[in-house]
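# Reading the structure
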Amino acid sequence: MKSLQLSNINLIVDTIIAGRYRIIIDEPSDKRISAAVLGQQISENSFFKGCVSATEAEVMITKDLNIEDLMTHLAKVKFKPDRRRKKYMLPVCFEEGIDWDDVEQQLSMDKEKVIKKLKQSDISIASFGFLPGFVYMSGLPTEIQCHRKSKPEARVPAGSFGLGGPYAGIYHIVSPGGWQIIGNCPVSLFNSDTFECPLKVNDRLVIQPITIDEHKILAAESMNIEMYQKR
Amino acid sequence: MSYLKVIKKGLYTSIQDAGRYGYAQYGIPQSGAMDSYSAKLAHKLVNNNQESALIECTYIPPVIEFHKNYIISLTGADMRWHINDFTVPRFTSLYVRKGSILKGSSAADGVRAYIAVQGELDVDMVLGSKSYYSGMSLGGFQGRLLEQGDQIKILGKRSKWSFKYIADEERPDLKSEKLIPITRGPEWHYLDQDAKASFISSKWTISSQSDRMAALLLGHKINLKIDLNMPSVPVFPGIIQTPPNENPIVVLNDGQTSGGYPRAAIIPANSLSVFNQIRPLEPFRFFFVN
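The following refers to the structure shown. Just so it is clear, the structure is predicted and the values come from calculations on it, not from any experiment.

## Re the overall build of chain B
When its secondary structure is counted, chain B shows three helices and 21 strands. In terms of overall size, chain B behaves like a compact globule, its C-alpha atoms giving a radius of gyration of 20 Å where 290 residues would be expected to give roughly 19 Å. When the backbone C-alpha atoms are referred to their principal axes, chain B occupies close to 65 × 40 × 30 Å. A buried classification covers 57% of the 290 residues belonging to chain B. The contacts of chain B with a sequence gap of at least 6 include a subset with a gap of at least 24, amounting to 75%. When the accessible surface of chain B is totalled, it reaches about 12300 Å², and 50% of it is carbon and sulfur. If the 32 positive side-chain charges of chain B are averaged to one point and the 26 negative ones to another, these points end up 6 Å apart.

Listed below in structure tokens is the structure:
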């Protein structure tokens, strides 16, 4: 186990198994600095491109090298925790939600109020992963956080917008899903050829409710999230 | 034209290569041949690059018709292979004539068998790999498993025939009881004493519900000594997750890239080939390595 100071945060690095390393942040002072933010910035260093996966809790590096060489290269990463966050509009059609009854009951709040709270929340990208293209979003106020389903659905549609614990999330592909589905986003967050996402961890999202007709039009246009950046 | 034709699809027959790397960050698993050791041997026998694509058969093999003369090889599980009703050996190069038909029966040992053809299977490279991944209908033959009637084009010139074989001691031993090495995972200390001991003392089997994503281990339910309240962390093939008071789960090639269960132990990458040939309900044991 080794430690390293990057910018003003302390990292703990250790070997999980040959060629796999994990990095955790030792007592972060700033709550916005999660391992997902760190992972994103490490992956932008060309030496680590394609070798990084991260959740909010931990960064994993997959590379054939010894820990001393890893530490040398990690020390060269330019870590800027205060990088400017971009802001995007995220169109969501709440008429496409299938679990509204459950959600209204669980939160003792009607649909319109939940949508209003969502619109007003400071939502940001928390991390990616779990399933292909899944996006975790943080920033939900506690009064609209709800439980995951005790039995996951076998199949939720691509673009489903759901609530699960402290997070909101978007399912990029048709997949099994245990979150409460309250809407659908017609805009793809990923480039279909390279599977890269223009959104970065910590970027902000402003939820924009849309009608069923607008959803149809946007879905048919195969719009990309980059067109929704607010400047 | 140079192609293979699928006459019968088999149980779960897909095109796989060495895997799709670099997209775990966005939740895309590595996929690739489950018994990568046998896949490499298959390519070696036909002079292919080790990263090439081949056909992975699962338990019940497909029936394949060859529309040109080819050099092929058969490795992995014993599917009791026949070409035109003549028994053919595994782990050697084979010369098949145009019009020949390859068939077999359900695996006599192991689970997964490989068919390599000299040259290149002409299917799309998706995100750097030809491996089929069911979760996103990615790669493979048009984003799916092989189906009856599919014609897989073969690119590249055939080299001169030469007989090659893999020596007995280099072939995977699929018959004896398997001993699978494990190392302690990052959350090993979450397990209570009984759970720690059970990894070594138990006889384990793999549930028949297992697939390319994960293997469910039957043998001992694992108790945790602390309440489970852990955040989601990255995982990779070989990680053994232990949900509280449940059967352990081994994350495999098509598995998720993060999870919220303790990563109690890890099967090293070079031992996954052996692990992935264990049949459902076939007993095996773990032992610790450092």
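Still to come is the rest of the account.
## Section: helix α1 (residues 36-45) of chain B
Residues and elements named next belong to chain B. All buried positions along α1 are accounted for by Ser38, Ala39, Leu41, Ala42, His43 and Leu45. Of the surrounding elements, those touching the buried residues of α1 are β3 (54-58), β5 (70-76), β8 (93-96) and β10 (112-117). Among the residues trailing α1, Asn47 stands out with phi positive, at a value near 65°.

## Some points on the interface of chain B and chain A
Counting residues at the interface gives 28 residues for chain B, matched by 26 residues for chain A. Across the interface of chain B and chain A, roughly 2200 Å² is buried in total on both sides, 63% from carbon and sulfur atoms. Our count for the contact surface shared by chain B and chain A stands at one salt bridge. Put simply, Glu58 of chain A and Arg263 of chain B hold a salt bridge, and the shortest N to O gap is 2.7 Å. Of all the secondary-structure elements, those providing two or more residues to the side of chain B that touches chain A are β16 (233-234) and β20 (263-266) of chain B. Each residue belonging to the side of chain B that touches chain A can be placed in one class, and the counts come to 16 nonpolar, ten polar and two charged.

## Structural notes on the layout of surface pockets
Residues and elements named next belong to chain B. Approximately 960 Å³ is the volume attributed to the second largest pocket. Along the wall of the second largest pocket there are 39 residues; nearest its centre are Tyr21, Gln30, Ser36, Ala269 and Asn270. Those elements that place two or more of their residues in the lining of the second largest pocket are α1 and α3 (272-275). A total of five residues in the lining of the second largest pocket trace back to one element, the largest contributor, which is α1.

## Considerations on empty space enclosed by the protein
One way to see where empty space is left: roll a probe the size of a water molecule over the atoms. Residue and element names in this part refer to chain B. On inspection of all chains with the given rule, the structure shows two cavities of 30 Å³ or more. The space that makes up the largest cavity amounts to roughly 50 Å³. Looking at the largest cavity, the residues that line it are Leu45, Val46, Asn47, Ile71, Ser93, Gln118, Ser159, Lys160, Trp161 and Ser162. Here the lining of the largest cavity is built from residues that sort into four nonpolar, five polar and one charged. There is about 40 Å³ of room inside the second largest cavity. Class assignment of the residues belonging to the lining of the second largest cavity gives a composition of five nonpolar, six polar and no charged.

## Here's the deal with a positive patch on the surface
All names here are of chain B. A cluster of like positive charges, contributed by Lys68, Arg97, Lys98 and Arg158, occupies part of the molecular surface. If you trace the backbone, Lys68 turns up in the loop between β4 (63-66) and β5. You can call Lys68 partly exposed: its relative accessible area is 44%.

## A look at the sheet that holds β5 of chain B
Whether parallel or antiparallel, the strands of a sheet pair through hydrogen bonds between backbone atoms. Residue and element names in this part refer to chain B. An order of β2-β3-β10-β5-β8 is seen for the five strands of this open sheet, with the pairing classed as antiparallel. Each end of this open sheet is capped by a strand with a single partner; those strands are β2 (14-16) and β8. Pairwise comparison of adjacent strand axes, ignoring direction, gives a mean angle of 35° for this sheet. Pairing geometry for β5 and β8, over four bridges, is antiparallel. Bridging from a neighbouring strand, Ile71 pairs with Tyr95 of β8. Against the sheet, α1 makes contact with β3, β5, β8 and β10, and its axis sits at roughly 155° relative to β5, the strand it touches most.

## Concerning the pattern of salt bridges
Enumeration over the complete set of coordinates arrives at 23 salt bridges over all chains. Ionic pairing is found between Lys149 of chain A and Asp99 of chain A, a salt bridge with its closest N-O pair at 2.7 Å. Note that Lys149 of chain A is positioned in the loop between β8 (135-138) and β9 (153-156) and Asp99 of chain A in the loop between β6 (87-92) and α3 (100-107), a separation of 50 residues in sequence. The exposure class assigned to Lys149 of chain A is buried, which follows from its relative accessible area of 14%. Between Glu170 of chain B and Lys44 of chain B there is a salt bridge whose closest N-O contact spans 3.8 Å.

## Topic: the nonpolar core
Counting residues in hydrophobic clusters, the biggest one holds 74 residues, and the most contacted among them are Leu38, Ile42, Leu90 and Phe161 of chain A. Per element, the largest residue contribution to this core is five residues, and it comes from helix α1 (residues 35-43) of chain A. Apart from residues no more than four positions distant in its own chain, Ile42 of chain A is found in contact with Ile23, Phe48, Val52, Val59, Ile61, Leu74 and Val77 of chain A. Within the second largest apolar cluster, 35 residues are counted, among which are Val46, Ile222, Leu272 and Phe284 of chain B.

## Quick look at the side chain of Gln25 of chain B
Here Gln25 of chain B is to be found in the loop between β2 and α1. By relative accessible area, Gln25 of chain B is classed as buried at 11%. A polar atom in the side chain of Gln25 of chain B sits 2.8 Å from the backbone nitrogen of Ala54 of chain A. Residues in contact with Gln25 of chain B, not counting those within four places in the same chain, are Val52, Ser53, Ala54, Phe128 and Gly129 of chain A.

## Observations concerning the environment of Val88 of chain B
Residue and element names in this part refer to chain B. Topologically, Val88 is positioned in the loop between β7 (86-87) and β8. The exposure class assigned to Val88 is buried, which follows from its relative accessible area of 15%. A C-alpha to C-alpha distance of 26 Å links Val88 and Gly32, two positions 56 residues apart in sequence. Excluding anything up to four places from it in sequence, Val88 contacts Leu74, Trp81, His82, Ile83 and Leu94.

Rules of the game
Residues numbered from 1 in each chain as written. Chains lettered and ligands numbered in written order. Predicted model: local features only at pLDDT ≥ 70, side-chain atom pairs only at ≥ 80, totals over all residues. Heavy atoms only, no water. Helix = DSSP H or I, 4+ residues; strand = E, 2+ residues; numbered from the N terminus. Rg over C-alpha atoms; globule rule 2.2 N^0.38 Å. Buried < 20%, exposed > 50% of the residue type's maximum accessible area, 1.4 Å probe, protein only. Contact = heavy atoms within 4.5 Å. Areas by Shrake-Rupley, 256 points an atom, 1.4 Å probe, with all protein chains shown as cover. Lys, Arg positive; Asp, Glu negative; His and termini not counted. Charge placed at Lys NZ, Arg CZ, Asp CG, Glu CD. Buried area = accessible area lost by both parts, 1.4 Å probe. Salt bridge = Lys/Arg side-chain N within 4 Å of Asp/Glu carboxyl O. Nonpolar A, V, L, I, M, F, W, Y, C, P; charged D, E, K, R; others polar. 1 Å grid on protein atoms, 1.4 Å probe; cavity = no way out; pocket = protein on both sides within 12 Å on 5 of 7 lines; lining within 4 Å. Points joined across faces, edges and corners; volume = space filled by probe spheres on them. Patch = residues over 30% accessible without salt bridge, like charges linked within 9 Å, V, L, I, M, F, W, Y side chains within 5 Å. Pairing = 2+ DSSP bridges. Axes fitted to C-alpha atoms, helices over the stretch in contact; angles between N-to-C directions. Core = buried A, V, L, I, M, F, W, Y, C linked by side-chain atoms within 4.5 Å. Polar contact = N/O pair within 3.5 Å; in protein donor to acceptor, adjacent residues only side chain to side chain.

Don't take any of this as a statement about function, it's just geometry.
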